[in-house]
Amino acid sequence: MVSVYRKIMTMQIKNGLCLMWLFVLMLLLAACSHRQKDDELWHKDIDEFVSGHQSLMQSHPDSMIMLIRNFKCEGNPDKSDQWKKLLIAKCYYMKGADAQCQSLIDSVNAYCKQTPDNRILSYADNLQGILLLVSGKRKEALIYYEKAYHEIMNLDSCGEAIDVCINIADASRQMGKLADASSWYRRAYFLADSLNQHEAQNSILSGLGQVYNDLQNYQLAHHYFQKAERLYPPKNPKDVHFFYNSWGNVYSSQEYVQEAVLTYTYETITVPAATVDVSYTVHADGKIHVLVHYHGKEGLPELPVFGMRFIMPTKAVGYCYEGLSGETYPDRMAGGIYGRYEVEDLP
């Protein structure tokens, strides 16, 4: 009787120990899963922050650089630092500081040689492709874009592949590879639709419109631009400008005129806001006449200087302008001499 009782007690103790170890194992698995989830989402907070400040990145990249540097990231500090470098590199690209952008990309690549990370590498390679494309090196850009695409497709989430697909399509179209361009635009469209990410759909559809414009199939070109405008209209000023300028190319492919005038009205971020009219007169010989008119606003301080920034598809070697010589700040304007001037050896 005592022997049976001891056996029962032994079995209960063993069962109790098994349950305890099972509970401990579940806690460890939960902790590991939580840490893995945190490690996968270390970039989420800063990505959401940057996504909400895209217009600031485009209009005031220097201010955006300061905000990114001061942003407190959660999760993996080493990866977060590299991610912030790439975001700052994009800001440098937006302001035309290609050398600073390239320096940060090189720094991130050096880190990834020691600690490979496909998410970081894909962003760096995509940005490298953008730098190469604007300098006219389309073949080299395509290599980096495709490398970035394969790196992203090895991740659990592939939402970032949409932008890379669009970049590959854009580069292919510029190289005259229209079939490849169409294929990559459609791949981007499929990804965006599957992941329910519609932010890029306007760029995708307008890209297809440009492909069919290049193929001189103007009916399909208009179809895709009309679909983009109806379902996914452009939102920020830069996208609006690019979209309607691209759509306008379809009309210009069908019609020929001696000149065309495009006029935009911008609103400043001052309080109170003021407006600026920018008019482009494009002549048949390729010359562009730009007229800028700043409308003052009562309650604003005196404007110390007014200028306009041009983003060129390739680096310019010089420019000429008609106006006053030298600096034209209010305290030096009287010394300026009106004339036509040429500036060379740009930095």
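Residues numbered from 1 in each chain as written. Predicted model: local features only at pLDDT ≥ 70, side-chain atom pairs only at ≥ 80, totals over all residues. Heavy atoms only, no water.

1. Details of the overall build of the protein chain
Consideration 1: Tallying secondary structure elements over the protein chain gives 13 helices and 5 strands in all.
Consideration 2: Considering the protein chain as a whole, with its 347 residues, one finds that 31% of them fall into the buried category.
Consideration 3: The long-range fraction of contacts in the protein chain, counting pairs at least 24 apart against all pairs at least 6 apart in sequence, stands at 47%.
Consideration 4: Entry remark: accessible area of the protein chain is about 22600 Å², with carbon and sulfur atoms responsible for 56%. (Helix = DSSP H or I, 4+ residues; strand = E, 2+ residues; numbered from the N terminus. Buried < 20%, exposed > 50% of the residue type's maximum accessible area, 1.4 Å probe, protein only. Contact = heavy atoms within 4.5 Å. Areas by Shrake-Rupley, 256 points an atom, 1.4 Å probe, with all protein chains shown as cover.)

2. Structural notes on the pattern of salt bridges
Consideration 1: Per the stated rule, a full pass over the model turns up 6 salt bridges.
Consideration 2: Lys95 is the salt-bridge partner of Asp62, the closest N and O atoms lying 2.8 Å from each other. Of this pair, Asp62 sits in helix 4 (residues 61–70) while Lys95 is found in the loop between helix 5 (77–94) and helix 6 (98–114), placing the two residues 33 residues apart along the sequence.
Consideration 3: The class of Asp62 is partly exposed, set by a relative accessible area of 42%.
Consideration 4: The exposure class of Lys95 is partly exposed, given its relative accessible area of 32%.
Consideration 5: Glu151 is the partner of Lys147 in a salt bridge, and the nearest nitrogen-oxygen pair spans 2.9 Å. Of this pair, Lys147 and Glu151 both sit in helix 8 (residues 138–153), 4 residues apart, which is roughly one turn of that helix.
Consideration 6: If you follow the salt bridges from partner to partner, you end up with Asp125, Lys147 and Glu151 in one network. (Salt bridge = Lys/Arg side-chain N within 4 Å of Asp/Glu carboxyl O.)

3. Brief notes about helix 4
Consideration 1: The complete set of buried residues in helix 4 reads Pro61, Met64, Ile65 and Ile68. Projected down its long axis, helix 4 shows its buried positions confined to an angular sector of 105 degrees, all on one face. Facing away from the buried side of helix 4 by over 90 degrees, the exposed positions are Met66 and Asn70.
Consideration 2: On its buried side, helix 4 packs onto helix 2 (44–51), helix 3 (54–59) and helix 5. (Arc of directions from axis to C-beta.)

4. Some points on unusual backbone geometry
Consideration 1: Cis geometry is adopted by the peptide bond preceding Pro272, which originates at Val271 and carries an omega value of 0 degrees.
Consideration 2: As for its position among the elements, Pro272 is in the loop between strand 1 (259–267) and strand 2 (275–283).
Consideration 3: Residue Asn196 is not a glycine yet carries a positive backbone phi of 60 degrees.
Consideration 4: Its place among the elements puts Asn196 in the loop between helix 10 (178–194) and helix 11 (201–214).

5. What about the confidence of the model for the protein chain?
Consideration 1: Looking at the protein chain, the pLDDT average stands at 84 and 88% of residues meet or exceed 70.
Consideration 2: Considering only residues more than four positions removed or in separate chains, one finds that residues 28–39, a stretch of pLDDT under 50, has 2 contacts. (pLDDT = per-residue confidence, 0-100.)

6. Here's the deal with the packing of aromatic side chains
Consideration 1: With the rule as written, the count across this model stands at 13 aromatic pairs.
Consideration 2: With 5.0 Å between their ring centres and 85 degrees between their planes, Tyr149 and Trp184 make a pair best called edge-to-face. Placement of the pair is Tyr149 in helix 8 and Trp184 in helix 10, with a sequence separation of 35 residues.
Consideration 3: A relative accessible area of 10% means that Tyr149 is categorised as buried.
Consideration 4: Judged by its relative accessible area of 13%, Trp184 falls in the buried class.
Consideration 5: Ring centres 5.7 Å apart and planes at 10 degrees place the aromatic pair Phe225 and Trp247 in the stacked group. Highlighted residues: Phe225 in helix 12 (residues 218–231) and Trp247 in helix 13 (residues 237–254), separated in sequence by 22 residues. Here Phe225 matches Trp247 in class, with each residue buried. (Phe/Tyr/Trp six-rings, centres within 6.5 Å; stacked < 30°, edge-to-face > 60°.)

7. Looking at the environment of His60
Consideration 1: Topologically, His60 is positioned in the loop between helix 3 and helix 4.
Consideration 2: Assessed through its relative accessible area of 33%, His60 is described here as partly exposed.
Consideration 3: In the structure, His60 is positioned 34 residues away from Met94 in sequence and 8.9 Å away in space, judged by C-alpha atoms.

8. Quick word on a nonpolar patch on the surface
Consideration 1: Taken together, the side chains of Met308, Phe310 and Met312 present a nonpolar region at the surface, about 300 Å² in accessible area.
Consideration 2: Here Met308 shows up in the loop between strand 3 (288–295) and strand 4 (318–324). (Patch = residues over 30% accessible without salt bridge, like charges linked within 9 Å, V, L, I, M, F, W, Y side chains within 5 Å.)

9. Side note on the packing of helix 9 (residues 161–174) against helix 10
Consideration 1: For the pair helix 9 and helix 10, the least separation of the axes is 8 Å and the interaxial angle reads 165 degrees. Judged by the angle between their axes, helix 9 and helix 10 are roughly antiparallel. The two elements helix 9 and helix 10 meet at a crossing, and its hand is left-handed. Residues Ala161, Ile162, Cys165, Ile166, Ile168, Ala169, Asp170, Ser172 and Arg173 of helix 9 pack against Leu178, Asp180, Ala181, Trp184, Tyr185, Arg187, Ala188, Leu191 and Ala192 of helix 10.
Consideration 2: The residue inventory of the contact of helix 9 with helix 10, partitioned by class, reads 13 nonpolar, 1 polar and 4 charged. (Axes fitted to C-alpha atoms, helices over the stretch in contact; angles between N-to-C directions. Parallel < 35°, antiparallel > 145°, perpendicular 65-115°, else oblique. Left-handed = near helix turned anticlockwise from the far one by under 90°. Nonpolar A, V, L, I, M, F, W, Y, C, P; charged D, E, K, R; others polar.)

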